[in-house]
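Read off the chains here:
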Amino acid sequence: MAPSSVVVTIEKPNKFSLVEINGSDSTLLLEKQKAVSPKQFTWFLFLKANRVFACLSWLPMALKTMFLSVKKRIALSGVSEEEAKSRRLYRFIKVFLFISIFALVLEIFAHLKKWNLNMIQPWEVQGLFQWCYMTWLSFRVDYVAPLVLTMSKFCIVLFLIQSLDRLILCLGCFWIKYKNLKPRINGDAYDIEDGSSFPMVLVQIPMCNEREVFAQSIAAACQLDWPKDRILIQVLDDSDDGNLQLLIKDEVSLWREKGVNIIYRHRLIRTGYKAGNLKSAMACDYVKDYEFVAIFDADFQPNPDFLKQTVPHFKGDPELGLVQARWSFVNKDENLLTRLQNINLCFHFEVEQQVNGAFLNFFGFNGTAGVWRIKALEESGGWLERTTVEDMDIAVRAHLNGWKFIFLNDVKVLCELPESYEAYKKQQHRWHSGPMQLFRLCLPAIVTSKISVSKKANLIFLFFLLRKLILPFYSFTLFCIILPLTMFIPEAELPLWVICYIPIFMSFLNILPAPKSFPFLVPYLLFENTMSVTKFNAMISGLFQLGSAYEWVVTKKTGRSSESDLVALAERESKSLNEEKITRRHSESGLETLNKLKKQEEITPLKKRNRLYRKELVLAFLLLTAAARSLLSAHGVHFYFLLFQGLTFLVVGLDLIGEQIS
């Protein structure tokens, strides 16, 4: 064989062949390769085509499955009480949806026909449809666009003012951290050896049908590190379930036998919700012997040193009326909904509460995890049942009477976040409806009060108007109504910095107190816009006394505990205590009640079901319709924002975020 020759082995499906190629005839190898490649390439195309057809056949099945699941969800879901009571906003949004769909059909047809108003003269109009389109364009330019443009400018101004307020709050928080401005205890601490030096403290645990959490909240309160003869724990039970009342009584009896000074109270006339419950408890004769009152909702679990970290701040400061601690959440990583709630509440406590407490000595009482000077409560008029935010009510009245507040960011109390969207929605409705009720009632008192003009301005313009009224108003109007409308009214198109740059920057500031939540920046922005529907509806209901303005729904709890709680529980429930507990309860009704409840749960297991939220669903289709319209104009960022915002509304409207209710 010649040195310049090469032997090439070509593998075929069933045999091998040897081909000798001389160095001078190098094209032979290419020809042989070309002779084999077409058949292999054909098989390759067949395989690819098979995969494509498989995907195409799978897609209709996937769509069919999705639509069937949605149909099933619609069939199994019920209309919530809130939706049945308040239909005005739903009808308003539905009208906009129908208009947008009609406008989208017109725009698509005009886009396909390549109609242009500037190039078509009135005498050149052909057909009724083209005449309708030209009439719509003329009406839009002359009447609709100026109105939408004026409204959008007004909302943008409110948006900028509120964003500036957020920025100033964040700068104040940075300044507090830079200067280490923390509340300090005036004077010496209480003498541990002398129990009589400790002030008398009343601990109140208001609850109503809190089956899942009553035991752990009572246990946490009973383990507070304070002289036993200087503390009294009131379990204020408003439950309407007789079996649950027996269980709570039994739990109170257990701790009383362990030497804890604890009593059980149940109202016969259950009026006024939580405010009525607290008002009834403060009317007891023995309350006059106590100087301070600590309040914990049923799902709150204070650390044993809570009172020693909070009560000493009152010493040497007779003008101090409230010490508020921060909330910490045992289930903040449970699902996406709790993660997004954690971002909001971390900003509320670390930025809003801390800055207002440090520079203004005032903030809204959170209703729990706080210690009040009883004298401040009495001089401010006590608990009133006139709104669903009794905590904010008493805080405003105490501030008008000259009492000061401090916020302790380092003192944290464990609690739960709502894990279902249904529970979270009802909670937010109460939190945003109540302040508007209170604003109507307190405005005359604020104007005629003896506090300084700057404090009056802070209460009226910042505390109520800007943060309670303007925020939900512009969020809903600007991003859920005006923005999709501008896709059909290009003369009033919103600039890019309004829908992209500033919202992302504000979301970035909101997420700073919870740095581990940075991956959820975009979902947080979209979810906040979605919640603006609920907040806007609640704000309008509270301001004008509409619908369910005075509705109070107890937030559903799951009874989750942290790891430290489980350790403490294990220490408490040792073997000897268990034996003693079984012996003592054997002849009581508690064990019988517990057995009945267990049998009942076995017979009727709880079923989880989804709800449908019509306002969110209608807005989802409105935004998706606007996103389809933006494709015709190649709006870019506007399209992506509308698309993902519409999908977020769809997910929330189908109750696919968080846990389902039972």
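Cut-off values and rules
- For every chain, the first residue of the written sequence is number 1, and numbering continues from 1 along that sequence.
- Two thresholds apply to this predicted model, a pLDDT of at least 70 for residue-level local features and 80 or more for giving and counting side-chain atom pairs, whereas whole-chain, interface and lining totals are computed over all residues.
- Excluding hydrogens and water, the side-chain figures rest on all heavy atoms present in the structure.
- Counting from the N terminus, the helices are the DSSP runs of H or I reaching at least four residues and the strands are the DSSP runs of E reaching at least two.
- Burial classes: relative accessible area under 20% of the type maximum marks a residue as buried, over 50% as exposed, and values in between as partly exposed (1.4 Å probe, protein chains only).
- By the convention used here, residues are in contact when the closest approach between their heavy atoms is within 4.5 Å.
- By nonpolar core is meant a set of buried Ala, Val, Leu, Ile, Met, Phe, Trp, Tyr and Cys residues that side-chain atoms within 4.5 Å join together.
- Two kinds of site are reported from a 1 Å grid over the protein atoms alone, namely cavities, where a 1.4 Å probe fits but cannot get out, and pockets, open sets with protein on both sides within 12 Å along at least five of seven lines, and residues are called lining when an atom falls within 4 Å of a point.
- Grid points are joined across faces, edges and corners, and a volume is the space filled by probe spheres set on the points.
- When residues are sorted by character, Ala, Val, Leu, Ile, Met, Phe, Trp, Tyr, Cys and Pro go into the nonpolar class, Asp, Glu, Lys and Arg into the charged class, and all the rest, Gly among them, into the polar class.
- UniProt positions are given in the numbering used here, feature names are shortened, and annotations may be inferred rather than shown by experiment.
- Paired rings are identified among Phe, Tyr and Trp, the last through its six-membered ring, by centres lying within 6.5 Å, and are further divided according to the angle between planes into stacked (under 30 degrees), edge-to-face (over 60) and tilted (the rest).
- Criterion for a charge above a ring: Arg CZ or Lys NZ at most 6 Å from the ring centre, at most 35 degrees from the ring normal.
- Take a side-chain nitrogen of Lys or Arg and a carboxyl oxygen of Asp or Glu: if they are within 4 Å of each other, that pair is a salt bridge.
- Two strands qualify as a pair provided DSSP detects at least 2 bridges between them.
- Residues adjacent in sequence count toward polar contacts only when both atoms are side-chain atoms; beyond that, a polar contact is any pair of N or O atoms within 3.5 Å, and within protein one must be able to donate a hydrogen and the other to accept it.
- Orientation is described by axes fitted as lines to C-alpha atoms, over the contacting stretch for helices, and by angles from 0 to 180 degrees between their N-to-C directions.
- With respect to orientation, any angle under 35 degrees is reported as roughly parallel, any angle over 145 as roughly antiparallel, any angle of 65 to 115 as roughly perpendicular, and every other angle as oblique.
- Handedness of a crossing follows from how the near helix is turned relative to the far one, being left-handed for an anticlockwise turn of less than a right angle and right-handed for a clockwise one.
- As a per-residue measure, pLDDT reflects the predictor's confidence and takes values from 0 up to 100.

Visitor: When you look at the overall build of the chain in this model, what are you seeing that I'm missing?
Guide: For the chain, the helix and strand inventory stands at 20 helices and nine strands. Counting every position in the chain, which comprises 662 residues, the buried fraction comes to 50%. Expressed as a percentage of contacts within the chain between residues at least 6 apart in sequence, the contacts between residues at least 24 apart total 80%.

Visitor: What should I look at first to understand the nonpolar core in this one?
Guide: It is characteristic of soluble globular proteins that their nonpolar side chains tend to be buried jointly. One finds Ile218 and Trp372 to be the most contacted residues of the largest nonpolar core, which totals 89 residues. Ranked by the residues each element gives to this core, the list is headed by strand β9 (residues 404-415), at seven residues.

Visitor: Got a minute to help me understand empty space enclosed by the protein in this structure?
Guide: Over the atoms, a rolled probe matching the size of one water molecule traces out where space is still vacant. Following the criterion strictly, the structure yields two cavities of 30 Å³ or more and no others. In this model, the second largest cavity occupies a volume close to 50 Å³. Looking at the second largest cavity, the residues that line it are Ala221, Cys222, Leu224, Lys228, Ile231, Ile233, Val260 and Asn261. Class assignment for the residues of the lining of the second largest cavity results in six nonpolar, one polar and one charged.

Visitor: Explain the UniProt feature "transmembrane region" (unreviewed entry) in the chain here, please?
Guide: The UniProt record marks residues 95-112, 459-488, 494-512 and 616-632 with the feature "transmembrane region" (unreviewed entry), using the residue numbering of this structure. Helix and strand shares over residues 459-488 are 93% and 0% respectively, and the end C-alpha atoms of the span are 40 Å apart. From the first C-alpha to the last, residues 494-512 spans 28 Å; its make-up is 84% helix and 0% strand.

Visitor: Sorry if this is basic, but what is going on with the packing of aromatic side chains here?
Guide: The relation between two aromatic rings is expressed through the spacing of the ring centres and the mutual angle of the planes. What the rule picks out here adds up to 26 aromatic pairs. Centroid distance Phe154 to Phe473: 6.5 Å. Interplanar angle 70°. Geometry classified as edge-to-face. Highlighted residues: Phe154 in helix α4 (residues 128-179) and Phe473 in helix α13 (residues 453-486), separated in sequence by 319 residues. Measuring from ring centre to ring centre gives 5.5 Å for Phe508 and Phe518, while their planes differ by 45°; the resulting arrangement is tilted. Placement of Phe508 in helix α14 (residues 496-511) and of Phe518 in the loop between α14 and α15 (521-544) is noted, with a sequence separation of 10 residues between them. Among the aromatic residues, those joined into a cluster by ring pairs are Phe300, Trp327, Phe349, Phe362, Phe363, Phe365, Trp372, Phe405, Phe407, Phe439, Phe463 and Phe464. Of note, Lys258 hangs over the ring of Trp255, and the distance from its end group to the ring centre comes to 4.2 Å.

Visitor: What should I look at first to understand the pattern of salt bridges in this one?
Guide: If charged atoms from side chains of opposite charge come close, those side chains can pair. For the structure on display, the rule yields 19 salt bridges. Residue Arg386 pairs with Asp393 through a salt bridge whose shortest N-O separation is 2.9 Å. What makes Arg386 partly exposed here is its relative accessible area of 28%. Salt bridges sharing common partners tie together Lys177, Arg326 and Glu350.

Visitor: Even after reading the chapter, I still don't get the pairing of strand β8 (residues 370-373), so can you show me in this structure?
Guide: Residues in a regular strand point their side chains to alternate faces of the sheet. Side chains Gly370 and Trp372 of β8 all project onto a buried face; the interleaved residues Val371 and Arg373 project onto the opposite face, where all are buried too. Across four bridges, strand β6 (residues 292-295) lies against β8 in antiparallel orientation. Across the sheet, residue Ala294 finds its bridge partner in β8, namely Val371. Sheet analysis places strand β7 (residues 320-329) next to β8, joined by three bridges and oriented antiparallel. By the bridge assignment for β8, Gln324 is matched with Gly370.

Visitor: Any chance you could explain helix α7 (residues 273-282) here in plain terms?
Guide: Because each turn of an α-helix spans 3.6 residues, side chains separated by three or four positions in sequence point in the same direction. Counting buried residues in α7 gives seven out of 10 residues, a clear majority hidden from the surface. Residues of α7 that are buried include every one of Lys274, Ala275, Gly276, Asn277, Leu278, Ala281 and Met282, and no others. As for α7, its buried residues are in contact with β3 (201-207), β4 (231-237), β5 (262-266), α10 (374-379) and α11 (390-400).

Visitor: Got a minute to help me understand the side chain of Asn356 in this structure?
Guide: Along the polypeptide, Asn356 turns up in helix α9 (residues 336-360). Among the polar contacts made by the side chain of Asn356, one reaches the main-chain carbonyl oxygen of Glu352 at a distance of 3.0 Å. In contact with Asn356, not counting residues within four places along its chain, are Leu169, Asn361, Phe362, Phe363 and Arg467.

Visitor: Explain the packing of helix α19 (residues 614-633) against helix α20 (residues 637-653) here, please?
Guide: In a pair of packed helices, the angle between the axes and the distance between the axes together describe the arrangement. Taken N-terminus to C-terminus, the directions of α19 and α20 make an angle of 160°; their axes are 8 Å apart at the nearest point. As the angle between them shows, α19 and α20 are arranged roughly antiparallel. Relative to α20, the crossing made by α19 is left-handed. In contact with Glu616, Leu617, Leu619, Ala620, Leu623, Leu624, Ala626, Ala627, Ser630 and Leu631 of α19, α20 contributes Phe639, Leu642, Leu643, Gln645, Gly646, Leu647, Phe649, Leu650, Val652 and Gly653. Of the residues that constitute the contact of α19 with α20, the class distribution is 15 nonpolar, four polar and one charged.

Visitor: Mind showing me how you'd approach the environment of Leu322 here?
Guide: Along the chain, the position of Leu322 falls in strand β7. When the C-alpha positions of Leu322 and Ala398 are compared, they lie 9.2 Å apart, and in sequence the two are 76 residues distant. If near-sequence neighbours (up to four positions away) are discounted, Leu322 is found in contact with Phe314, Phe363, Phe365, Val371, Trp372, Lys404, Phe405 and Ile406.

Visitor: Is there a simple way to explain the packing of α13 against α19 in this structure?
Guide: The interhelical angle for the contact between α13 and α19, taken along N-to-C directions, is 50°, at an axis separation of 8 Å. Comparing their axes, α19 and α13 come out oblique. Between α13 and α19 lies a crossing whose hand is left-handed. Of α19, the residues touching α13 (which contributes Phe476, Phe479, Cys480, Ile481 and Pro484) are Leu619, Leu622, Leu623 and Ala626. Looking at the contact of α13 with α19 residue by residue, the class counts come to nine nonpolar, no polar and no charged.

Visitor: Teacher, can you tell me more about the confidence of the model for the chain here?
Guide: Atom-level detail of predicted coordinates should not be read off regions where pLDDT is low. Counting all residues, the mean pLDDT for the chain is 81, and 72% of those residues have values of 70 or more. With pLDDT under 50 throughout, residues 1-6 is counted as low confidence; its partners more than four residues away or in other chains account for 12 contacts. Here residues 562-590 scores under 50 on pLDDT; set against residues more than four positions off or in separate chains, the count is 26 contacts.

Visitor: For this particular structure, what's the right way to read the sheet that holds β8?
Guide: The pairing of strands in a sheet happens through backbone hydrogen bonds and is either parallel or antiparallel. Spatial strand order, β5-β4-β3-β6-β8-β7-β9: seven strands in an open sheet with mixed pairing. Both outer strands of the open sheet, β5 and β9, are each paired with one neighbouring strand and no more. With strand direction ignored, the average angle separating the axes of adjacent strands in the sheet is 20°. The sheet contact formed by β3 and β4 spans seven bridges and is parallel. Across the sheet, Ile205 pairs through a bridge with Val235, a residue of β4.

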